[in-house]
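Overview (structure and organization)
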Amino acid sequence: SSRAPRGAMAVCATCFSGFSSDYNVLQDVMSDDGGNSSFLTVAQWRANTGQDAHSRVLANATELANLFVSQPGANYHLRPGSAALDAGTTIADLVRDLDSRRRPVGALWDAGAYEGVNGLFGDGFEGGSTLRWAITAP
């Protein structure tokens, strides 16, 4: 299975005080005991914890494989067509991603640390390929 052994999210039972989680992109396996023995679907996680009401659940292994540029290579920039695109929420004081790219790029904030698809610059004018430029603005 491509699922992480501890779940997409594994939170220890004593760690829920002050914990808040929403607008994520998740595999359908969670844990509310730190991954020690409890494994839940996202629906069970939502019912048990009240968390992740707006989070998206990946439908299959293909969606997981297409989430990031290269998970094995630790490149967590989003790929074109990623389920994380426009899956985030507006956070007023979080206007830049880890690459200092302005949020949002596109209609809505993206889920995760990086905004928009992997590209050369954060101005939105590059094409889908980092090897050529688009002739029209987004």
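Residues numbered from 1 in each chain as written. Predicted model: local features only at pLDDT ≥ 70, side-chain atom pairs only at ≥ 80, totals over all residues. Heavy atoms only, no water.

This part is about the nonpolar core. By size, the foremost hydrophobic cluster in this structure holds nine residues: V25, L58, L64, L67, L78, A83, A84, A87 and A111. By size, the runner-up hydrophobic cluster in this structure holds seven residues, among which are V11, L26, L40 and W45. (Core = buried A, V, L, I, M, F, W, Y, C linked by side-chain atoms within 4.5 Å. Buried < 20%, exposed > 50% of the residue type's maximum accessible area, 1.4 Å probe, protein only.)

Under the definition given, this model contains one disulfide. Across a sulfur-sulfur distance of 1.8 Å, C12 and C15 are joined as a disulfide pair. Because the torsion about its S-S bond is 70°, the bridge between C12 and C15 counts as right-handed. (Disulfide = S-S within 2.5 Å.)

With that settled, the discussion passes to the pairing of strand β6 (residues 75-78). The pairing of strand β5 (residues 68-70) with β6 spans two bridges and is antiparallel. Each bridged residue has a counterpart across the sheet, and for F68 the counterpart in β6 is L78. Adjacent in sequence and paired antiparallel, β5 and β6 are bridged by four residues, among which A74 carries a positive phi angle near 60°. (Pairing = 2+ DSSP bridges. Helix = DSSP H or I, 4+ residues; strand = E, 2+ residues; numbered from the N terminus.)

For the protein chain, the average pLDDT comes to 82, and 80% of its residues sit at 70 or higher. Segment residues 126-134 is flagged for pLDDT under 50; beyond a separation of four residues in sequence, or across chains, it makes 16 contacts in the model. (pLDDT = per-residue confidence, 0-100. Contact = heavy atoms within 4.5 Å.)

Evaluation of the coordinates by the stated rule reveals four aromatic pairs. Between F19 and W45 the ring centres are 6.5 Å apart and the planes differ by 85°, which places this aromatic pair in the edge-to-face class. Separated by 26 residues along the polypeptide, F19 in the loop between β1 (9-10) and β2 (25-26) and W45 in helix α1 (residues 42-49) bring together distant segments of the chain. Judged by its relative accessible area of 23%, F19 is partly exposed. A relative accessible area of 0% places W45 in the buried class. Members of the aromatic cluster, each reached through a chain of ring pairs, are F16, F19 and W45. (Phe/Tyr/Trp six-rings, centres within 6.5 Å; stacked < 30°, edge-to-face > 60°.)

Per the counting criterion, the structure on display carries one salt bridge. In this structure, E115 and R103 form a salt bridge, with 2.9 Å as the shortest nitrogen-oxygen distance. Placement of E115 in the segment after β6 and of R103 in the segment after β6 is noted, with a sequence separation of 12 residues between them. Considered together, E115 and R103 belong to a single accessibility category, that of buried residues. (Salt bridge = Lys/Arg side-chain N within 4 Å of Asp/Glu carboxyl O.)

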